[in-house]
Amino acid sequence: MDRYRKFIEATALEAGALLKDRIDHRHTIHYKGEINLVTEADQLSEALIVERIRASFPDHGILAEESPEMSKSSGIRWIIDPLDGTTNYAHGYPVFCVSIALEMEGEIRLGAVYNPMLDELFIAQKGAGGFLNGRPLKVSQTAELSRSLLATGFPYDIRENRDNNMNYFEAMALNAQAVRRAGSAALDLAYVAAGRFDGFWELKLMPWDMAAGVLLVEEAGGVVTDLHSAPLDLLSPHILASNGLIHDEMSRLLARTAPLYNP
Ligand code: IPD
Ligand code: CA
Ligand code: CA
């Protein structure tokens, strides 16, 4: 595992440095949807990470956001978001990260989230804890929702689909101390692990948004489930993560909040 740990750390730092170096460049922007964009930096960061994996671990599979999945029979797969917070990045708003996770036989064993603007590397190893620049990660001790700082996000189909989190956002904003929408789900999860946020929920996330962050929260002593406290797997799109102490309160509030849509 040590070899993988050194690799994930070095690769996250390298990809993060690439993103930081380019943030003030004029970006080439393509639209994957009405408001879902991708820049040349997403692609360069992904190419760098994929190239490093192929050179060091040619029999490992790769699931990365901007390319078709590369499957291998080794039972080992890297799950990559080369730039989480693309909309922020494209606007020069310096809140974004690189997220890399290592999955073995279906279980996330290592996760790294790196924010190059603050030079913060969050890293977790299954069963061995989580760390921020070498210091142990620990979730917060806030025990009441009304004293909690929460984070969330909105899906890219917010304009077309009424299942867009506005109902839950209103309920949480009225019951928590405050809710932030910073624009990077992987960083939101890392911040729950670091005790900066007490809880986070979001709809319609993808495995690369969550894989590393979920392990960070769990290894920092937090709880991660789907919105209604059922077990989460990486194909569950809806996530609820917290310090554990406010989990039931968040989940009960979500459950009694009327949906905006007829499923
Ligand atoms: C997005 C960010 C955002 C979240 C979106 C994600 P991207 O990832 O994590 O915070 O609200 O759902 O898709 O597109 O910047 O990698
Ligand atoms: Ca993402
Ligand atoms: Ca991305």
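Check the entry above for the structure.
Everything quoted here is computed from the prediction, not taken from an experiment. (Residues numbered from 1 in each chain as written. Chains lettered and ligands numbered in written order. Predicted model: local features only at pLDDT ≥ 70, side-chain atom pairs only at ≥ 80, totals over all residues. Heavy atoms only, no water.)

Draft legend 1. Up close: the packing of helix 4 (residues 166-175) against helix 7 (residues 247-255). As a packed pair, helix 4 and helix 7 sit with axes 10 Å apart at the nearest point and diverge in direction by 135 degrees. In terms of orientation, helix 4 lies oblique with respect to helix 7. The two elements helix 4 and helix 7 meet at a crossing, and its hand is right-handed. Residue-level contacts link Tyr168, Ala171, Met172 and Asn175 of helix 4 to Met250, Leu253 and Leu254 of helix 7. Considered class by class, the residues forming the contact of helix 4 with helix 7 number six nonpolar, one polar and no charged. (Axes fitted to C-alpha atoms, helices over the stretch in contact; angles between N-to-C directions. Helix = DSSP H or I, 4+ residues; strand = E, 2+ residues; numbered from the N terminus. Parallel < 35°, antiparallel > 145°, perpendicular 65-115°, else oblique. Left-handed = near helix turned anticlockwise from the far one by under 90°. Contact = heavy atoms within 4.5 Å. Nonpolar A, V, L, I, M, F, W, Y, C, P; charged D, E, K, R; others polar.)

Draft legend 2. Molecular detail of the site of ligand 1. In the region of ligand 1, 16 residues are neighbours, and Asp84, Gly85, Thr86, Tyr156 and Glu202 sit closest. A distance of 3.4 Å separates an oxygen atom of ligand 1 from a polar side-chain atom of Glu65. Contact between ligand 1 and Leu83: an oxygen atom at 3.2 Å from a main-chain N or O atom of the residue. Contact with the protein chains hides 94% of the accessible area of ligand 1, taken as 380 Å² for the molecule alone. (Near = heavy atom within 4 Å. Polar contact = N/O pair within 3.5 Å; in protein donor to acceptor, adjacent residues only side chain to side chain. Areas by Shrake-Rupley, 256 points an atom, 1.4 Å probe, with all protein chains shown as cover.)

Draft legend 3. Region of interest: the pairing of strand 8 (residues 129-132). Both strand 7 (residues 120-125) and strand 8 contribute to a ladder of four bridges, which runs antiparallel. Across the sheet, Phe122 pairs through a bridge with Leu132, a residue of strand 8. Hairpin connection between strand 7 and strand 8: a loop of three residues separates the two successive antiparallel strands, and Gly127 in this loop has a positive phi of roughly 80 degrees. Of the pairings in the sheet, the one linking strand 8 to strand 9 (residues 135-136) comprises two bridges and is antiparallel in character. Residue Leu132 lies in a different strand from strand 9, and its bridge partner there is Arg135. The turn joining strand 8 and strand 9, which pair antiparallel and follow one another in sequence, is formed by two residues; a positive phi near 45 degrees is taken by Asn133. (Pairing = 2+ DSSP bridges.)

Draft legend 4. Spatial organisation of the coordination of the calcium ion (ligand 2). Within the protein, the calcium ion (ligand 2) binds to Asp81 (OD), Asp84 (OD) and Asp209 (OD); these donor distances fall in the range 2.1 to 2.2 Å. For the calcium ion (ligand 2), the single-chain donor residues occur in sequence as D-x2-D-x124-D. Here the calcium ion (ligand 2) and the calcium ion (ligand 3) are spaced 3.7 Å apart, with Asp81 acting as a shared donor. Remark: Asp209 occurs in helix 6 (residues 207-219) and Asp84 occurs in strand 4 (residues 76-84); sequence separation between them is 125 residues. (Donors = N, O, S within 2.8 Å, 3.2 Å for Na, K, Ca; no water.)

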